[in-house]
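Analysis of the macromolecular model
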Amino acid sequence: MNSLLLTGGRVVDPANKFDSIADVLILNGKISAVGKNLSAPAGVETFDAKGKIVCPGLIDLHVHFREPGQTAKENIATGTAAAARGGFTSVVCMPNTSPAIDSAGTVALIRERAEREGVVNVFVSGAITKGIAGEELAPIGGLKKAGVVAITDDGHCVQNNDLMRRACEYAKMFDLPLFDHCQDYSLVTDGVMHEGYWNVALGLRGWPAAGEEMIVARNILLAELTGAKVHCQHLSAAGSVRLIREARQRGVPISGEACPHHFTLTDAAIAGSEKFWASDGKMLAPAQSGELPQWPAYDTHFKMNPPLRSAKDREAILEGLADGTIDILCSDHAPHCDYEKAVEFDYAPFGITGLEIELTLSLMQLVHTKRLSLADMIAKFTVNPAKLLNLPKGTLSIGADADVTMIDTDCEWVYRPEDSASKSKNNPFFGWQLKGKAVATVVAGRLVWSE
Ligand SMILES: [Zn+2]
């Protein structure tokens, strides 16, 4: 069954600047028509989308599915199930698996497994360097031939600027965007949280914002030098936004992405809920009423890389999203087992899950607060990432793949571990009172998840 008629929803398709109540007819996995009063051909099921937003299937270009090698945390089946629940029809998985995705063989393995076990489209990114060790370039041409849509050493950062320059030149030659996890090792050393007031108060080693900004500046220079499309991952610092804003105004092919945890939380969260809500948590969450969520100090569910930063940085990320400096939203979905996170803050791995909650947090922080229109937010999850990745997705144009997400922007709900499809439950937003979520996900004309 890959034909479907979605009736009566508000269709928001930023790629075509379309925003109106309409029906969407899907035939044989492709968008066949968008318009009023469409009727279903014989045998085609109808889905009532009244009161819902109907938009192109959401794309998350930054997820960790841990396959191969770390499937106790997540695998392609559970990762894509979580994606479908979050409203995502396409994801790009990162290459820091075990072994790393630095050869055509590993790309083929993942693509084959995704074909068999994935419920949404899985695209693969390849490593920049062999083993993500930052020393020797991976076979970038071979990776492209095997089907990668981007290259990145995510989780790590190439420190050698000349090597990075060569990577940019190859990326440009093979028309691949180069993603970078921006972290200067000499500045960051073994920092575990933002360097500021709270890391001193808590006695934890600091990860300065300049450690990110330094590499963002380097990437701008190399994008300008080589003409490669360089994309800075999970931006967390005000200075990064300022640098990218200025460079984009000059026409440098640089872009950036933001993850909801960085524009929802701050480093005060690591001092415990009381401190967080009392200091800079106040502007959060228009849906928060009654009892506020609670958590202890040093909760490792607030440990991620780059770290949660100050209220000023959070504000700068929100401004960057509002003015278009940051044109892509993603989760950095990073599953870890309970026992790995249940240790001292210093020893816990970085990262949280995010696929099931990123749309909600983006609605709350960007749309419900009127910083962005709904269409502009949807563009950051659809047409913008599709463009960067050169994918013919993120649109409801006639003939396009029928990947569709349906959203209820106003439903109030609480995120609970038992409702998560991910293998891992390392998420700080369990128990929060939330507003807005995906209610149905269609991939190539098939309803893969609905509430
Ligand atoms: Zn990263």
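Given the structure is predicted, the values throughout are model-derived calculations rather than measurements.

1. Quick word on the overall build of the protein
Summing up its helical and strand segments, the protein has 15 helices and 18 strands in all. Here the C-alpha radius of gyration of the protein, 21 Å, is about what a compact globule of 451 residues would show, namely 22 Å. Each principal axis of the C-alpha atoms in the protein carries an extent, and together these give about 65 × 55 × 45 Å. Scored against the burial criterion, the 451 residues of the protein give a buried share of 62%. For the protein, long-range pairs separated by at least 24 residues make up 76% of all intrachain contacts whose partners lie at least 6 apart in sequence. On the protein, roughly 16,400 Å² of surface is accessible, and the fraction owed to carbon and sulfur atoms is 51%. If the 43 positive side-chain charges of the protein are averaged to one point and the 54 negative ones to another, these points end up 4 Å apart.

2. Some points on helix α7 (residues 210-226)
The terminal C-alpha atoms of α7 lie 24 Å apart, and with 17 residues this matches the ideal 24 Å at 1.5 Å per residue to within 8%. Inspection of α7 places G211, E212, I215, V216, R218, N219, I220, L222, A223 and T226 among the buried residues, and these make up the whole buried set.

3. Brief notes about the side chain of S424
Looking at the element boundaries, S424 is found in the loop between β16 (404-414) and β17 (433-443). Judged by its relative accessible area of 3%, S424 falls in the buried class. In terms of polar contacts, S424 uses its side chain to reach the backbone carbonyl oxygen of K73, at 2.7 Å. Looking at S424, its side chain comes within polar contact range of the main-chain oxygen of H336, at 3.1 Å. Excluding residues within four positions of it along the chain, S424 makes contact with K73, P335, H336, C337 and T353.

4. Comments concerning the packing of helix α8 (residues 238-249) against helix α11 (residues 311-323)
The interhelical angle for the contact between α8 and α11, taken along N-to-C directions, is 30°, at an axis separation of 8 Å. With respect to α11, the element α8 is oriented roughly parallel. Across from A238, V241 and R245 in α8, the residues of α11 making contact are K312, D313, A316, I317, E319, G320 and D323. Considering only residue class, the contact of α8 with α11 consists of four nonpolar, one polar and five charged.

5. Looking at the nonpolar core
L178 and M377 are the most contacted members of the largest nonpolar core, which has 73 residues in total. If you look at the next biggest cluster of nonpolar residues, it comprises 28 residues, including F302, I352, L361 and L434.

6. What to know about the packing of aromatic side chains
This structure, assessed with the given rule, holds 12 aromatic pairs. Each ring, one from W277 and one from W295, has its centre 6.2 Å from the other, and the planes form 55°; the classification is tilted. Of this pair, W277 sits in helix α10 (residues 273-278) while W295 sits in the loop between α10 and α11; the two residues are 18 residues apart in sequence, bridging distant segments of the chain. A ring pair is formed by F429 and W432, whose centres lie 5.0 Å apart and whose planes are at 70°; its orientation type is edge-to-face. When sorted by exposure, F429 lands in the same class as W432, which is buried. An aromatic cluster is defined as three or more aromatic residues linked by ring pairs; in this entry it consists of F276, W277, W295, F302, F429 and W432. Positioned above the aromatic ring of F350, the side-chain terminus of K303 is 4.6 Å from the ring centre. Looking at K437, its charged tip hangs above the ring of W413, at a distance of 4.8 Å from the centre.

7. Structural notes on the pattern of salt bridges
Within this structure, the stated rule accounts for 21 salt bridges. A salt bridge links D401 to K30; the shortest N-O distance between them is 2.6 Å. Here D401 is found in the loop between α15 (383-389) and β16, whereas its partner K30 is found in strand β3 (residues 30-35), with 371 residues between them in sequence. Residue class for K30 comes out partly exposed when judged on its relative accessible area of 37%. Salt-bridge contacts for R245 lead to D323; the nearest nitrogen and oxygen are separated by 2.8 Å. Of this pair, R245 sits in helix α8 while D323 sits in helix α11; the two residues are 78 residues apart in sequence, bridging distant segments of the chain. Note on R245: relative accessible area 25%, which makes it partly exposed. Exposure remark for D323: the relative accessible area of 45% places this residue in the partly exposed category.

8. Let's talk about helix α13 (residues 358-367)
Spacing of three or four residues puts side chains on the same side of an α-helix, whose turn is 3.6 residues. Burial analysis of α13 places 10 of its 10 residues in the buried class, the great majority of the element. Of the residues making up α13, those classed as buried are E358, L359, T360, L361, S362, L363, M364, Q365, L366 and V367.

About the cut-offs
Residues numbered from 1 in each chain as written. Predicted model: local features only at pLDDT ≥ 70, side-chain atom pairs only at ≥ 80, totals over all residues. Heavy atoms only, no water. Helix = DSSP H or I, 4+ residues; strand = E, 2+ residues; numbered from the N terminus. Rg over C-alpha atoms; globule rule 2.2 N^0.38 Å. Buried < 20%, exposed > 50% of the residue type's maximum accessible area, 1.4 Å probe, protein only. Contact = heavy atoms within 4.5 Å. Areas by Shrake-Rupley, 256 points an atom, 1.4 Å probe, with all protein chains shown as cover. Lys, Arg positive; Asp, Glu negative; His and termini not counted. Charge placed at Lys NZ, Arg CZ, Asp CG, Glu CD. Expected span 1.5 Å × (residues − 1). Polar contact = N/O pair within 3.5 Å; in protein donor to acceptor, adjacent residues only side chain to side chain. Axes fitted to C-alpha atoms, helices over the stretch in contact; angles between N-to-C directions. Parallel < 35°, antiparallel > 145°, perpendicular 65-115°, else oblique. Nonpolar A, V, L, I, M, F, W, Y, C, P; charged D, E, K, R; others polar. Core = buried A, V, L, I, M, F, W, Y, C linked by side-chain atoms within 4.5 Å. Phe/Tyr/Trp six-rings, centres within 6.5 Å; stacked < 30°, edge-to-face > 60°. Lys NZ or Arg CZ within 6 Å of the ring centre and 35° of its normal. Salt bridge = Lys/Arg side-chain N within 4 Å of Asp/Glu carboxyl O.

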